[in-house]
Structures are given as C-alpha cells and as structure tokens.
Amino acid sequence: MSEWTDAIVGDRMTVDNQFNDRVSASQFSSQEWGLIMTATEFEIENPDDPDEARIVADTSSLPAIMPELENVRSQMAAMGGAPGGGAGGGGGSGGGLVDSIKGALGLGGGGGNDGPSDEELEAAERLVQEYAAELQAQLESVGKWEQVRVAYQE
C-alpha cells in the first residue's frame, strides 16, 4: 500500500504549506504538529466505492505520543521559547531544566495529570482529520483522487 502514499508526496507538501495557518491558529506548535503527524497513518475508507471513498487518519498511535508533547514544551521553555498556545496552560508543574531532564530520563511527574489532557488528544485528532479532508480535496482538485483510490486497493 505504500505505492499510493508515494504517489502523493508532492500533494502532501502542498497541503502542509496550506495547512500551516491552521496549525499556527491551533494550540499546537509546529514541532508538536510534526510529532502528531509522525504518529498518524492515512488510510482510504471505502476505497472500492467511488462515491463513499475518503481519506481518514488513523490516530490510534496518538495516545502513546501525547506525553511527548509535554517534553517538547519543556524543551522549548528551557531554551527560552514560548510553548505553542496550549489550551488551559501548563498548570503548575514548575517546568525548568531539572524537570525537563528528569522527564527525559523518565523520572519526572508522579501523578497522571502532568501530561496532555483528553481535550488535547481530541484537538489533535480533529486537526489531523481536517488535514485528511484537505489532502483529499487537493487530490481531487488536481485530478489524482481516482488514481490514488484505485492504487490503495491494490
């Protein structure tokens, strides 16, 4: 199935550029978005039905990487950069270099409330699904959708 993803590399780059504004307006930094996209696989739902086929994002790996978003924020804060947006803020973890080192070593944070929330996971899933819809729209606009849909089935 990698043939279909290989065929859309240029289209993904186009959508990436177009999607930058949405990422900037979201609670995620570009580094966090990159991590989210790394954990996302794209599939075509109902590929055998031209009327119902659509690109969807498989976000089943997102929960596993969501704690890493906090590490990205800690590293950005330690370097003096402002973490990206963050709905609800960091919430009293203190941060700092020692905490980010402890976190990187797996020694930090005792409670389960230090990492990203369920709302943040839902926001990531929503944004990735929006990206999938934009990708399909891009493929349709350049006349590649049918070819990609058929290639997915092979």
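Predicted, not measured: the structure shown is a model, and the values here were computed from it.

Student: Sorry if this is basic, but what is going on with helix H3 (residues 30-38) here?
Tutor: Quick reminder: α-helices carry 3.6 residues per turn. Residues three or four places apart thus point the same way. Buried within H3 we find Glu-32, Trp-33, Ile-36 and Met-37. Down the axis, H3 shows its buried residues gathered within 135° of arc, on one side only. Those residues of H3 hidden inside the fold are in contact with helix H2 (9-25), strand S1 (41-45), helix H4 (62-78) and helix H6 (118-141).

Student: Would you take a moment to explain the pattern of salt bridges for this structure?
Tutor: Oppositely charged side chains are able to pair whenever their charged atoms sit close together. Inspection of the entire model under this criterion finds 8 salt bridges. Here Arg-73 ties to Glu-32 by a salt bridge, and the two come within 2.5 Å at their closest N and O atoms. Placement of the pair is Arg-73 in helix H4 and Glu-32 in helix H3, with a sequence separation of 41 residues. Just as Arg-73 is buried, Glu-32 falls in that class too. Each of Glu-32, Glu-70, Arg-73 and Glu-120 takes part in salt bridges that share partners, so that together they form one network.

Student: Just to check I follow, could you spell out the packing of H4 against H6 for this structure?
Tutor: To describe two helices that pack against each other, one gives the angle between their axes and the distance between the axes. Interhelical geometry of H4 versus H6 gives an angle of 105° and a closest axis separation of 11 Å. Between H4 and H6, the interaxial angle falls into the category roughly perpendicular. On H6, the residues that touch Leu-62, Pro-63, Met-66, Leu-69 and Arg-73 of H4 are Glu-120, Leu-121, Ala-124 and Glu-125. A class-by-class count of the residues in the contact of H4 with H6 yields 6 nonpolar, no polar and 3 charged.

Student: Explain the nonpolar core here, please?
Tutor: A general tendency of soluble globular proteins is for nonpolar side chains to be buried together. Among the nonpolar cores identified, the biggest contains 32 residues, and Trp-4, Trp-33, Ile-36, Phe-42, Ile-44, Ile-55 and Tyr-131 are the most heavily contacted of them. Sorting the residues of this core by element identifies H2, H3, S1, strand S2 (54-58), H4, H6 and helix H7 (145-153) as the ones contributing at least two each. Counting residues per element, this core draws most heavily on H6, at 9 residues. The residues contacting Ile-55, other than those within four sequence positions of it, are Phe-42, Glu-43, Ile-44, Ala-132, Leu-135, Gln-136, Leu-139 and Trp-145.

Student: Help me understand the environment of Gln-136 in this model?
Tutor: Topologically, Gln-136 is positioned in helix H6. Exposure remark for Gln-136: the relative accessible area of 11% places this residue in the buried category. It is 9.8 Å that separates the C-alpha atoms of Gln-136 and Arg-12, two residues lying 124 residues apart in sequence. Sequence-distant contacts of Gln-136, that is, excluding residues within four places in its chain, are made with Ala-53, Arg-54, Ile-55 and Trp-145.

Student: What am I meant to see in the side chain of Glu-120 here?
Tutor: Relative to the helices and strands, Glu-120 resides in helix H6. Using a relative accessible area of 6% as the deciding quantity, one classes Glu-120 as buried. Residues in contact with Glu-120, not counting those within four places in the same chain, are Gln-27, Phe-28, Met-66, Leu-69 and Arg-73.

Here is what the cut-offs are and how they apply
Residues numbered from 1 in each chain as written. Predicted model: local features only at pLDDT ≥ 70, side-chain atom pairs only at ≥ 80, totals over all residues. Heavy atoms only, no water. Buried < 20%, exposed > 50% of the residue type's maximum accessible area, 1.4 Å probe, protein only. Helix = DSSP H or I, 4+ residues; strand = E, 2+ residues; numbered from the N terminus. Arc of directions from axis to C-beta. Contact = heavy atoms within 4.5 Å. Salt bridge = Lys/Arg side-chain N within 4 Å of Asp/Glu carboxyl O. Axes fitted to C-alpha atoms, helices over the stretch in contact; angles between N-to-C directions. Parallel < 35°, antiparallel > 145°, perpendicular 65-115°, else oblique. Nonpolar A, V, L, I, M, F, W, Y, C, P; charged D, E, K, R; others polar. Core = buried A, V, L, I, M, F, W, Y, C linked by side-chain atoms within 4.5 Å.

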